[in-house]
Amino acid sequence: MAKDADKSKKLKEDGNNHFQAGDYIGAEGLYSKAIIADDANPSLYTNRAMARLRLGYYDSAISDCNECLKLSRGENLKAHFILSQCQLAIKDCDAALESALQAHRLCVETNDRSLGPVTNQVLRCKKDRWDVMERKRTREGQELEGDIVALMERERDDAVKSCTNDFDRNEVKEEWNQKIALLRETFEKSRPAAEKKRQVPDWAIDDISFAIMVDPVVTKNGKSYDRASIMEHLRRHQVDPLTREPLHPNELRPNIQLREACQEFLETNGWAAEW
């Protein structure tokens, strides 16, 4: 098909106007016409994907992002960012996190100014993914209790059936009922701690690696990062990740109070090492 770049550009501009006015249906239609005029322009697919994201057409938006990445050889920050939002909306948390991390990588490599929103998306993906894992852990704990109790009840009934007189039957039944009651009591005592929502506080998370800080240092602008993460960043780009102002390693200072807080949190929440 012959491409008409000028016509496509005009349709894209019209689509942008509709998008900015909140007319996402109109924008989506205009971007579609622009793609018909020039189907090799990656930015048209991300524009349409954004409109479809706003409309809740997540599967279609994901297809647009994948087409853009195909044309861009996988190196398109906007496509990864929108893709992550769509994947999170359909509860595909693992894929959403991977897409967000790809967007973050491109932000760092290109020194893009959208690092803030992309970082927030990574953290949102990690939190939603953790919530899914927590719900699964709680559900599995409840199922485990039910399975063990059912198994013990079957063994009790079999033991009672093997008895030859009422005295032995009552004695065996009482013994097994006490075991089952003790098991239920043990599960009940552990339930408050086991089912308590486990959450990593925002102040403990490094905005570069998205892990809990072990050795936090503070920049001249007052933002703290884990030492390993910020030093690795400064080896590539000697600028503040947040403000984009020049930053050198000798300007970093240990954040002793935050380090002690992170250590205390990890000591009482060992599970957080998996965050």
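Further up the page is the structure itself.
A brief look at the structure comes next. Since the structure is predicted, the reported quantities are computational estimates derived from the model, not experimental observations. Position numbers for residues count from 1 along each chain, tracking the sequence in the order it is written. Restriction of local features to residues with pLDDT of at least 70 applies here, the model being predicted, together with a cutoff of 80 or more for giving and counting side-chain atom pairs; totals for whole chains, interfaces and linings are based on all residues. Remark: hydrogens and water are excluded; side-chain values derive from all non-hydrogen atoms of the structure.

1. A few points about the overall build of the protein
Here comes step 1: The secondary structure content of the protein amounts to 10 helices and 3 strands.
Here comes step 2: In DSSP terms, a helix is any run of H or I states spanning at least four residues, a strand is any run of E spanning at least two, and both are numbered starting from the N terminus. Walking the protein from its N terminus toward its C terminus, one meets helices and strands in the order α-α-α-α-α-α-α-α-β-β-α-β-α.
Here comes step 3: We compute the radius of gyration over the C-alpha atoms and compare it with the globule rule, which gives 2.2 Å times the number of residues raised to the power 0.38. Scaling as 2.2 N^0.38, a compact globule of 275 residues should have a C-alpha radius of gyration of about 19 Å, whereas the protein reaches 28 Å, well beyond that.
Here comes step 4: Over its C-alpha atoms, taken along the principal directions, the protein stretches across nearly 95 × 55 × 30 Å.
Here comes step 5: Note on classification: 1.4 Å probe, protein chains only; a residue is buried when its accessible area is under 20% of the maximum for its type, exposed when over 50%, partly exposed between these limits. Considering the protein as a whole, with its 275 residues, one finds that 39% of them fall into the buried category.
Here comes step 6: Taking the contacts inside the protein whose residues are at least 6 apart along the sequence as the reference set, 55% of them involve residues at least 24 apart.
Here comes step 7: Per-residue accessibility takes into account occlusion by the displayed protein chains alone, with areas from the Shrake-Rupley method and a 1.4 Å probe. For the protein, the accessible surface area stands at approximately 16000 Å², while carbon and sulfur atoms represent 50% of it.
Here comes step 8: This count recognises Lys and Arg as positive and Asp and Glu as negative, with His and chain-terminal groups excluded. For the purpose of locating charges, the reference atoms are NZ of Lys, CZ of Arg, CG of Asp and CD of Glu. Across the protein, the mean location of the 43 positive side-chain charges is 5 Å away from that of the 49 negative side-chain charges. Note on contacts: a residue pair qualifies if any of its non-hydrogen atoms lie within 4.5 Å across the two residues.

2. Some points on the environment of Glu171
Here comes step 1: Checked against the element boundaries, Glu171 lands in helix α8 (residues 166-195).
Here comes step 2: For the pair Glu171 and Val160, spaced 11 residues apart in the sequence, the C-alpha separation amounts to 8.9 Å.

3. Concerning unusual backbone geometry
Here comes step 1: Unusually for a residue other than glycine, Arg73 sits at a positive phi of about 60 degrees.
Here comes step 2: With respect to the helices, strands and loops of the structure, Arg73 is situated in the loop between α4 (58-71) and α5 (77-89).
Here comes step 3: Although it is not a glycine, Lys91 sits at a positive phi angle of roughly 70 degrees.
Here comes step 4: Checked against the element boundaries, Lys91 lands in the loop between α5 and α6 (93-110).

4. Some points on the environment of Gly29
Here comes step 1: Looking at the element boundaries, Gly29 is found in helix α2 (residues 24-37).
Here comes step 2: Assessed through its relative accessible area of 26%, Gly29 is described here as partly exposed.
Here comes step 3: It is 22 Å that separates the C-alpha atoms of Gly29 and Ala89, two residues lying 60 residues apart in sequence.

5. So, the pattern of salt bridges
Here comes step 1: What counts as a salt bridge is simple: a side-chain nitrogen of Lys or Arg found within 4 Å of a carboxyl oxygen of Asp or Glu. Inspection of every chain in the model, using the stated rule, returns 17 salt bridges.
Here comes step 2: Across the salt bridge formed by Glu28 and Arg52, the nearest N and O atoms sit 2.9 Å from each other. Taken together, the positions of Glu28 in helix α2 and Arg52 in helix α3 (residues 42-55) put the pair 24 residues apart, joining distant regions of the chain. Neither residue differs from the other here; Glu28 and Arg52 are each classed as buried.
Here comes step 3: Note that Lys220 is salt-bridged to Glu251, the shortest N-O span being 3.3 Å. Of this pair, Lys220 sits in the loop between β1 (216-218) and β2 (224-226) while Glu251 sits in the loop between α9 (227-236) and β3 (253-254), placing them 31 residues apart in sequence.

6. Side note on the packing of aromatic side chains
The geometry of two aromatic rings is summed up by the distance between their centres and the angle between their planes.
Here comes step 1: Two rings belonging to Phe, Tyr or Trp (six-membered ring only in the last case) form a pair when the distance between their centres is within 6.5 Å. Interplanar angles under 30 degrees mark stacking, angles over 60 mark edge-to-face geometry, and anything in between is tilted. Per the counting criterion, the structure on display carries 2 aromatic pairs.
Here comes step 2: Its end group placed over the ring of Trp176, Lys179 keeps NZ or CZ at 4.6 Å from the ring centre. Lysine and arginine charges are scored as sitting over a ring when NZ or CZ, respectively, is within 6 Å of the ring centre and within 35 degrees of the ring normal.

7. So, the packing of α6 against helix α7 (residues 115-161)
Here comes step 1: Contact geometry for α6 and α7: axes closest at 9 Å, N-to-C directions at 160 degrees. Taken together, the axis directions place α6 and α7 in an arrangement best described as roughly antiparallel. Relative to α7, α6 is oriented so that their crossing is left-handed. Along the contact surface, α6 presents Cys93, Asp94, Ala96, Leu97, Ala100, Leu101, Ala103, His104, Cys107 and Val108, while α7 presents Leu115, Val118, Thr119, Gln121, Val122, Cys125, Lys126, Asp128, Arg129 and Val132.
Here comes step 2: Looking at side-chain class alone, the contact of α6 with α7 contains 13 nonpolar, 3 polar and 4 charged residues. An axis is simply a line fitted to the C-alpha atoms; with a helix, the fit covers only the stretch in contact. Between two such axes, the angle follows the N-to-C directions and lies from 0 to 180 degrees. For classification purposes, angles smaller than 35 degrees are called roughly parallel, those larger than 145 roughly antiparallel, those between 65 and 115 roughly perpendicular, and all remaining angles oblique. Crossing handedness is read from the near helix: turned anticlockwise from the far helix by less than a right angle, it gives a left-handed crossing, and turned clockwise, a right-handed one. Each residue is assigned to one class: nonpolar for Ala, Val, Leu, Ile, Met, Phe, Trp, Tyr, Cys and Pro, charged for Asp, Glu, Lys and Arg, and polar for all the others, Gly among them.

Everything listed is a geometric property; what it means functionally is a separate question.
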